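# Understanding the architecture of this molecule
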Amino acid sequence: MKDNTKAVKKGWYARLSYPKKRGLWGFIFLVPWLIGAIFFFMVPLVQTFYYSLFQMDLKLGGFDYTFIRLDNFINALTVNTDFNTYVLEALKDFAINVPIQIFVSLFVAMLLNGEYKGRGFFRVIFFIPIILATGITDVKLATYTVAKQGSQNFVNVDFLIQVFTTSGIPQSAMSTILQTVTNIFSVITKAGVQMIIFLAGLQSISPQLYEVAKMEGCTKFEVFCKITLPMISPMILVCMVYSIADSFAGATITTLINQTTFTNGNYGLGAAMSGLYFVVTVGVTLICTFIVSKVVFYYDN
Amino acid sequence: MTTKKQIKNNSTAQRLSRYAVRKKTMNALGLIFRYTILICIGFLIITPIYQTFKEGITEQSMLGFSNSAWVPPATSMQSFLEAYLILDYPKGLLFSILNTLVLALLQTACAALAAYTFARLKFKGSSILFAIVIFSIIVPSQSIMLAQYISFKNFDIFGLIKLIRGEPLNLIGSTFSVYLLAATGMGVKGGLYIYILRQSYRQLPVSIEEAAYVDGAGFLKTFFHIVLPEVSASLLTVSVLSFVWNYSDRYLISLLMGNKARGLQLSLLLSDVQGRMRWAIQDLQSKMPATYVMNWESPLIQKGVLSACAFLVILPLIILYFFVQKKFIQGVERSGLGGD
């Protein structure tokens, strides 16, 4: 009798099957994000697209909306002289910067990982770029530019130019490499976040996998290709998306959009530019994610 | 018998020692390579921080007379003292750290929950929802700033609030709205944390969760006792990143928070004080006894005090990371997860 009443008291939750319980909890886990995504992200995003169809004029206590259909988009693409150039520039920057950032950050993260003296010290130092990249020190410190110049003098470029011009590497590739080397400070600054994400990824690779590889007599290169790279590949995807977002958010075109929107007060045109730029960014990200996710390794599939 | 054995032993020992020598040289070369690169890049990174510190610690009358890039001609704590007083450092620091801590915890918690659903539960439309996560990473916050501001000013849930209160809710000017954004995953770079954690969850073998279920653990118990400890490295990374970004964030706080909070957040104070350093020092002088003489006319001194301010503001982040990075290693050594 006692057992019976208990079973009744347990109620509807106990009677759910395990997959259903999982589904229920999964939904509950998602609710906070869902609220934010709808009200604080999707609504403003749709609103921005909506604004782009209007000519918006400031008036006391709000805006005057005049519906002008797609004129803002046409204006951005054909009349505004800077927009197209800046978008192309952003795309070019993306194509150069993202691979370099991922390569540099993975390389440095692997150097930082492992057993060696002074590990804690170096980890703290390599964390500083993240702080610098947040722009908190963007107060106009001359020292910051001094450091940039310092890094340029630090690497002797003339010598490098000589090496590269005689090595037969194409001119364009050479200038990219040179730019990376001379701007190593800003490359490192921008790669800080990717570095720490990779470091966490490397940390969570089970040491047993390396032990097995060692027992089987793998070379270090094989260990890197067959263990480190596949195990870190999900994080490469994250870092790529972050790098893309960072690269596009830092492009000159965002200044143009801000200027159009807030300095010139042309809210409709600014929204149209944001929208177009957003479509370009999403397109690039989806293509890259699609390609890279083909080679990403997960345990669950 | 004995000689034979000895010879055999000898040759193995020789072979072993040759192997050991080769291995040792390779290791030494690897170590030199590692240290060379780490020290070179580390030098580049530390230079601006050290220069900022140096400018702050140099005696004010000697600023600009330096003949060495590294050693200050004379040191004094005056710039740091002035910076300390101008920023109202203890108060600002306490507020910034507490405020940021709450934001970082809320963001991490929200991301840890949502990411698990995205990683493990496949339902209709889950890929579309995840695409929204990616969108929220990509869309620069400035591009939806205007619409976000307007929707915060007239916050409403499908007209419900207007129905009850008669007017939409104004979320501008309250600390609560910043927390609300963080807790709903839309704070500073909220999408990125979900993405990082989702990838870490997916990197775990499903079999450990199945094993926990077979052993009688419910969904929540499995999640909190089995899954979360396994991704502790990523959780720590996410909370550190969230802390740093919220600590240095100026955008959301200046957009949403009230005046009082704005006057206490160190990142905002720093950007505010840089434009009016001259008046800030002058103002400070009027509050101090006349025996304590300050100079505010020279732009060099203004810059020196500003450097001291900047250094004081970023110092807590560096100290924090110093303590947290030790946990990075512990977290993983504890987990004994094998590949299957």
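Use the structure listed above.
Rules of the game
- Residues numbered from 1 in each chain as written.
- Chains lettered and ligands numbered in written order.
- Predicted model: local features only at pLDDT ≥ 70, side-chain atom pairs only at ≥ 80, totals over all residues.
- Heavy atoms only, no water.
- Helix = DSSP H or I, 4+ residues; strand = E, 2+ residues; numbered from the N terminus.
- Buried < 20%, exposed > 50% of the residue type's maximum accessible area, 1.4 Å probe, protein only.
- Core = buried A, V, L, I, M, F, W, Y, C linked by side-chain atoms within 4.5 Å.
- Domains from an automatic or database assignment.
- Contact = heavy atoms within 4.5 Å.
- Buried area = accessible area lost by both parts, 1.4 Å probe.
- Salt bridge = Lys/Arg side-chain N within 4 Å of Asp/Glu carboxyl O.
- Polar contact = N/O pair within 3.5 Å; in protein donor to acceptor, adjacent residues only side chain to side chain.
- Nonpolar A, V, L, I, M, F, W, Y, C, P; charged D, E, K, R; others polar.

## Some thoughts on the side chain of Gln60(B)
Relative to the helices and strands, Gln60(B) resides in the loop between helix H1 (2-57) and helix H2 (78-87). The exposure class of Gln60(B) is buried, given its relative accessible area of 6%.

## Re the nonpolar core
The biggest cluster of nonpolar side chains holds 173 residues, and the ones touching the most others in it are Trp33(A), Phe126(A) and Tyr201(B). Ranked by the residues each element gives to this core, the list is headed by helix H12 (residues 220-249) of chain A, at 15 residues. Lining this core are residues from two domains, each supplying at least three of them: domain 1 (2-62) and domain 2 (88-274) of chain B. Residue contacts for Phe126(A): discarding those within four places in its chain leaves Val108(A), Leu112(A), Met195(A), Leu38(B), Ile41(B), Gly42(B) and Ile45(B).

## Overview of unusual backbone geometry
The bulk of non-glycine residues show a negative phi, and the bulk of peptide bonds are trans. Residues and elements named next belong to chain B. You will see that aspartate 88, though not glycine, has its phi angle at about 55°, which is positive. Position of aspartate 88 among the secondary structure elements: in the loop between H2 and helix H3 (89-120). Phi is positive for lysine 189, close to 50°, though the residue is something other than glycine. With respect to the secondary-structure elements, lysine 189 resides in the loop between helix H7 (175-183) and helix H8 (190-202).

## Remarks on the interface of chain A and chain B
Each partner contributes residues to the interface: chain A has 97 residues there, and chain B has 112 residues. Interface area lost by chain A to chain B is led by Phe29(A), Trp33(A) and Phe40(A), which between them contribute 10%. Our count for the contact surface shared by chain A and chain B stands at zero salt bridges. On the surface where chain A and chain B come into contact, there are seven residue pairs in polar contact (both at pLDDT 80 or more). It is helix H2 (residues 18-51) of chain A that contributes the most residues to the side of chain A that touches chain B, 22 residues altogether. Residue classes in the side of chain A that touches chain B are distributed as 65 nonpolar, 23 polar and nine charged.

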